[in-house]
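One letter stands for each residue in the lines below.
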Amino acid sequence: MPKEYMDEYEPLLIKPVKDSKRLKFPNKSLLLAVFAACVGGTFQYGYNISVINSPTMYVQDFINQTWANRYQSDISKDALTLLWSTIVSIFTLGGLVGVSIGGTLSIKLGRKRTLLTNNLFSLMAALLMGLSSSAGLFELLIIGRFFSGINAGIALSVQPLYLGEIAPTALRGAMGMGTSIFITGGILTGQVMGLKEVLGKREYWPILLSTTGIPAILQLLILPWFPESPRYLFIDKGDDEACKKALRQLHGAEDCHAALEDITKEKNNLAGFQAKKPWELFADRSLRWQLLTIILLNMAQQLNGINAIYFYADYVFKQSGIPDDKIPYATVGTGACECITALTCGLLIEYLGRKVLITGGYFLMSICCILFTLTLTFQDVSPVFPYLSMACVFAFILSFGLGPGGVTNILTTELFTQSSRPAAFIISGSVNWLSFFFVGLVFPFIIIGLQQYCFLVFLVVCSLVGLYIFLVVPETKNKTFVEIQNDFQSSKNVKLGNSDGAGTILLSTSI
């Protein structure tokens, strides 16, 4: 470390770095900061995905009635389907817009201020969707869902960034799991709020859709009490005093020294580098394998069959003898299953590591794809097969939540250093949202064409991605960002040298 840093931070650099890698319970302030970031962030994403399902019939009736009042004729079935599909899918377009600006905003405004500013989109969405019925304008639903998508896109690109940068090395995985835990928590909450006993009745659907503003208000009340990302303050802004203050609040006075040394090393490693643009990442050969990894992982997160499982869930529940009016409660069970699995993954990730969980998750999903195809094929052979199909639904969701659902965003944070991380999230987020859009567009045709055999396609995706991670991606548990970068590079280099080992040269392999 340069002497100018040693002189200033010597009182904080007394203890060895290895203390930072010892697993211990996180500081209370750190846990509250994670909650504050997530409740108005990825919780909104999960909530807005699921909350739109419950009032489907009521919203379609509203569109039909509004159309009749305007044009004195009923809307055609095709036009109604188009408008409803637009209301649902415009969320994806908004997400793509959000993720494309989220990385830039996180550099200009900082991680925390971007998350706070992002709540404006959520509040506008809540207001527009809540007023749509009384105003007699279904167009407000389309605009509101678009704003909800922008909010989700920004949250998915900035919140994991914030969580990864405020957490100590030993807890980075567990804190990063906040993204997945709150997504699944949002999905579950949306399912519960849509039950008839809560806000699932016809007269309540505008209130139900406007509840998306509640998490935004919570974040605006709580997050301002917590600091900006220490890494952003020190590396991007050069504000060392604010960085030390943030570390003391988040990690405690005793544990901030190791984090400060880690951040200082990363800053020294990035001396002279500016924050990179997305297209600069594609031109940087030293980051090519990391970039390929996050692109594949984010594509696979949408193309691995989890959407097909949810599509088939209602059918499987009906075949198992569950009455139609009870199926929403069974669906809540799938949401609870995914939420519990995300929590379990958060507890295990610092013990088993990222690679074991995500590789194991994809291989278990591959097995589930085979079993689910078989049980659906022989659905009418024996009354036991519908129950086996139901078991496969829950097993697939458990496998997804155990690894791919939670670890993907963590790896996007960990495989890049400060200068390239925001651009990496723009790329990974764009790939994720485009894959989401692709699935929504193509998936119905896959179901019609292949029926239950569509899971053989997902079997290939899960198997190949699991094999790629096993062979290519290094373990990142308990490693600093600089150490991870060096490990990734060394694993992709060929060492050449003399018989005595002197004069070793590293030659980068190309892809």
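About the cut-offs
- Residues numbered from 1 in each chain as written.
- Predicted model: local features only at pLDDT ≥ 70, side-chain atom pairs only at ≥ 80, totals over all residues.
- Heavy atoms only, no water.
- UniProt positions renumbered as here; feature names shortened; annotations may be inferred.
- Helix = DSSP H or I, 4+ residues; strand = E, 2+ residues; numbered from the N terminus.
- Contact = heavy atoms within 4.5 Å.
- Core = buried A, V, L, I, M, F, W, Y, C linked by side-chain atoms within 4.5 Å.
- Buried < 20%, exposed > 50% of the residue type's maximum accessible area, 1.4 Å probe, protein only.
- Domains from an automatic or database assignment.
- Buried area = accessible area lost by both parts, 1.4 Å probe.
- Salt bridge = Lys/Arg side-chain N within 4 Å of Asp/Glu carboxyl O.
- Polar contact = N/O pair within 3.5 Å; in protein donor to acceptor, adjacent residues only side chain to side chain.
- Phe/Tyr/Trp six-rings, centres within 6.5 Å; stacked < 30°, edge-to-face > 60°.
- Lys NZ or Arg CZ within 6 Å of the ring centre and 35° of its normal.

In the nomenclature of an unreviewed UniProt entry, the protein is known as Solute carrier family 2 member 11b of Oryzias latipes. UniProt lists a comment for the protein under the heading Subcellular location (unreviewed entry), and it reads "Membrane". Quoted verbatim from the Sequence similarities (unreviewed entry) field of UniProt, the annotation for the protein is "Belongs to the major facilitator superfamily. Sugar transporter (TC 2.A.1.1) family."

Caption draft 1: Summary view of the side chain of N432. Locating N432 in the fold gives a position in helix α22 (residues 421-450). Residues within four places of N432 in sequence aside, it is in contact with N298, Q301 and Q302.

Caption draft 2: Structural detail: the nonpolar core. Of all hydrophobic cores here, the largest spans 110 residues; its most connected members are I63, F372 and F455. Here the element with the most residues in this core is helix α7 (residues 139-166); it accounts for 10 residues. Counting only domains with at least three residues in this core, you end up with domain 1 (26-226) and domain 2 (276-485). Sequence-distant contacts of F455, that is, excluding residues within four places in its chain, are made with G305, A308, I309, Y312, C369, F372, T373 and L376.

Caption draft 3: Seen up close, the domain arrangement of the protein. Assigned domains within the protein: domain 1 (26-226) and domain 2 (276-485). For domain 1 and domain 2, the distance between their C-alpha centres works out to 21 Å. Contacts between the two partners involve 39 residues from domain 1 and, on the opposite side, 41 residues from domain 2. When the buried surface of domain 1 facing domain 2 is broken down by residue, T92, R172 and M177 rank first, second and third, together holding 18% of it. Viewed at the interface, domain 2 and domain 1 are joined by two salt bridges. Put simply, E414 and R172 hold a salt bridge, and the shortest N to O gap is 2.9 Å. Where domain 1 touches domain 2, the interface holds 10 residue pairs in polar contact (both at pLDDT 80 or more). When residues of the side of domain 1 that touches domain 2 are traced back to their parent elements, those giving at least two are α3 (42-50), α5 (77-108), α7, α8 (172-176) and α9 (178-193). Ranked by residue count, the leading element in the side of domain 1 that touches domain 2 is α5, at 10 residues.

Caption draft 4: Looking closely at the side chain of S428. By secondary structure assignment, the location of S428 is in helix α22. For S428, a relative accessible area of 3% gives the class buried. Residues contacting S428, with those up to four places away along its chain left out, are I294, N298 and T412.

Caption draft 5: Examining the packing of aromatic side chains more closely. Under the definition given, this model contains 14 aromatic pairs. With a centroid separation of 6.3 Å and an interplanar angle of 25°, the aromatic rings of Y45 and F91 are classed as stacked. A residue pair is termed long-range when its members are at least 10 positions apart, and Y45 in helix α3 and F91 in helix α5 qualify at 46 residues. The class for Y45 is buried, based on a relative accessible area of 9%. These aromatic residues form a ring-pair network of at least three members: Y45, F91, W433 and F436. Positioned above the aromatic ring of F481 is the side chain of R172, whose terminal nitrogen or guanidinium carbon lies 4.5 Å from the ring centre. Lying over the aromatic face of F481, R421 brings its terminal NZ or CZ to 4.0 Å of the ring centre.

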